[in-house]
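Chain by chain, the residues:
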Amino acid sequence: EAGVTQSPTHLIKTRGQQATLRCSPISGHTSVYWYQQALGLGLQFLLWYDEGEERNRGNFPPRFSGRQFPNYSSELNVNALELEDSALYLCASSLAGRDEQFFGPGTRLTVL
Amino acid sequence: GENVGLHLPTLSVQEGDNSIINCAYSNSASDYFIWYKQESGKGPQFIIDIRSNMDKRQGQRVTVLLNKTVKHLSLQIAATQPGDSAVYFCAEIRSGGYQKVTFGTGTKLQVIP
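Counting restarts for each chain: residues are numbered from 1 in the order of the written sequence. Whichever chain is written first becomes A and whichever ligand is written first becomes 1, with later ones labelled in order. Local features in this predicted model are restricted to residues of pLDDT 70 or higher, and side-chain atom pairs are both shown and tallied only at a pLDDT of 80 or more, whereas totals for entire chains, interfaces and linings draw on every residue. Only heavy atoms go into the side-chain values, all of them from the structure, while hydrogens and water stay out.

1. Brief notes about the interface of chain A and chain B
Defined as follows: Every residue pair with non-hydrogen atoms within 4.5 Å of one another is taken to be in contact. Buried area is understood as the total, over both parts, of accessible area removed when two parts are fitted together, assessed with a 1.4 Å probe. Every case where a carboxyl oxygen of Asp or Glu lies within 4 Å of a side-chain nitrogen of Lys or Arg is listed as a salt bridge. In this text, helices come from DSSP runs of H or I with a minimum length of four residues, and strands from runs of E with a minimum of two, each type numbered from the N-terminal end. In this count, Pro and Cys sit with the nonpolar residues alongside Ala, Val, Leu, Ile, Met, Phe, Trp and Tyr, while Asp, Glu, Lys and Arg are called charged and the others, Gly among them, polar.
Every contact between the two is made by 20 residues of chain A and, on the other side, 20 residues of chain B. Between chain A and chain B, roughly 1,500 Å² of surface is buried when both sides are summed, and carbon and sulfur atoms account for 53% of that area. Across the chain A-chain B interface, the total number found is zero salt bridges. Broken down by secondary-structure element, the contributors of at least two residues to the side of chain A that touches chain B are strand S4 (31-37), strand S5 (43-50), strand S6 (53-57) and strand S9 (87-94) of chain A. Looking at the side of chain A that touches chain B, its residues break down into ten nonpolar, six polar and four charged.

See below:
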């Protein structure tokens, strides 16, 4: 069974640009979670999508947004990039109503 | 505020010895706790979980202990192996209408051959 996949692996942007990160959950999983992992910090919860709807949001500004598609894949969009947005962005998926989350390998975003 | 933290940022253990990684949490309403392992260049991997109505759970070579009185969680790894070298995170989950997961900063486990 294929795990959670994310693309791209690495992404380099400049300040003010926009970044789009993609995630495909494990087949059958309807919930997708996005986390930011900055260097030296723990995972910070960004967004949770389930059945196409945003269920919960972490303490991040509105320029962090996303969506979940009918096939349960998801996009994370970061507008007006700032240097501090440089981090590893992790996506996780879970079965509906289950707490265990399975993580993808992450997208390394570098903002110059 | 609510936070999940770890007592020891780095832990060095001799191969074959047992490892104990600790985690403190502050929200007594948490339902569920998970330990994740993150190897370099990879996403976190689920190791073991425990519900708030339990105080101990065992897996293969790993045991998680939960002390709700002092809001403390620990991960014990028996007979530590070089492949156990990684960063370990505890995660605190609160359900009830919505789900929110809070992770600690992680403990780096270094296994000395």
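2. Describing the sheet that holds strand S8 (residues 74-78) of chain A
Residue and element names in this part refer to chain A. Our working rule: Strand pairing is assigned whenever DSSP detects at least two bridges linking the two strands. Here the axes come from fitting lines to C-alpha atoms, over the contacting stretch only for helices, and the angles between their N-to-C directions go from 0 to 180 degrees.
With antiparallel pairing, the four strands of this open sheet are ordered in space as S1-S3-S8-S7. Each edge of the open sheet is held by one strand with a lone partner, namely strand S1 (5-7) and strand S7 (64-68). In this sheet, neighbouring strand axes are inclined to one another by 20° on average, regardless of whether the strands run parallel or antiparallel. Summarising the sheet, S1 and strand S3 (residues 19-24) pair through three bridges and their orientation is antiparallel. Within S3, the residue paired with Ser7 across the bridge is Arg22.

3. Topic: the state of the cysteines
All names here are of chain B. Convention followed: Pairs of cysteine sulfur atoms within 2.5 Å are identified as disulfides in what follows.
Tallied over the entire structure, the rule returns two disulfides over all chains. A disulfide bridge connects Cys23 with Cys90, and the sulfur atoms are separated by 1.8 Å. Torsion about the S-S bond of the Cys23 and Cys90 cystine: about 50°, corresponding to right-handed handedness. In this pair, Cys23 sits in strand S3 (residues 19-25) while Cys90 sits in strand S9 (residues 86-94), placing the two residues 67 residues apart along the sequence.

4. Structural notes on the layout of surface pockets
Counted only if it meets this: Buriedness of a pocket was judged along seven lines, with at least five required to meet protein on both sides within 12 Å; pockets are open sets of points on a 1 Å grid over the protein atoms alone, cavities are sets where a 1.4 Å probe fits but cannot get out, and lining residues have an atom within 4 Å of a point. Grid points are joined across faces, edges and corners, and a volume is the space filled by probe spheres set on the points.
If you add up the space inside the largest pocket, you get close to 430 Å³. Around the largest pocket, the lining comprises 23 residues; the ones closest to its centre are Gln37, Leu39, Leu88 and Arg108 of chain A together with Gln38 of chain B. Put simply, the parts of the chain that give the lining of the largest pocket at least two residues each are S9 and strand S11 (107-112) of chain B. A per-class count over the lining of the largest pocket returns eight nonpolar, eleven polar and four charged.

5. Focus: the confidence of the model for chain B
Our working rule: pLDDT is a residue-level measure of predictor confidence that goes from 0 to 100.
Looking at chain B as a whole, its pLDDT mean stands at 86, while 89% of the residues score no less than 70. For residues 1-8 of chain B, every residue scores under 50 in pLDDT, and the model assigns this stretch 33 contacts once sequence neighbours within four places are set aside.

6. Focus on the nonpolar core
How we decide: To qualify as a nonpolar core, a set must consist of buried Ala, Val, Leu, Ile, Met, Phe, Trp, Tyr and Cys residues joined through side-chain atoms within 4.5 Å. Residue exposure (1.4 Å probe, protein chains only): buried if accessible area is under 20% of the type maximum, exposed if over 50%, otherwise partly exposed.
Leu21, Trp34, Leu46, Leu76, Tyr89 and Leu109 of chain A are the most contacted members of the largest nonpolar core, which totals 22 residues. The set of elements that each furnish at least two residues to this core consists of S3, S4, S5, S8, S9 and strand S11 (107-111) of chain A. Setting aside chain neighbours within four positions, we find Leu76 of chain A in contact with Ala19, Thr20, Leu21, Trp34, Leu46, Leu47, Ser65, Gly66 and Tyr89 of chain A. Counting residues in each nonpolar core, the second largest holds 20 residues, with Cys23, Trp35, Leu66 and Val111 of chain B among its members.

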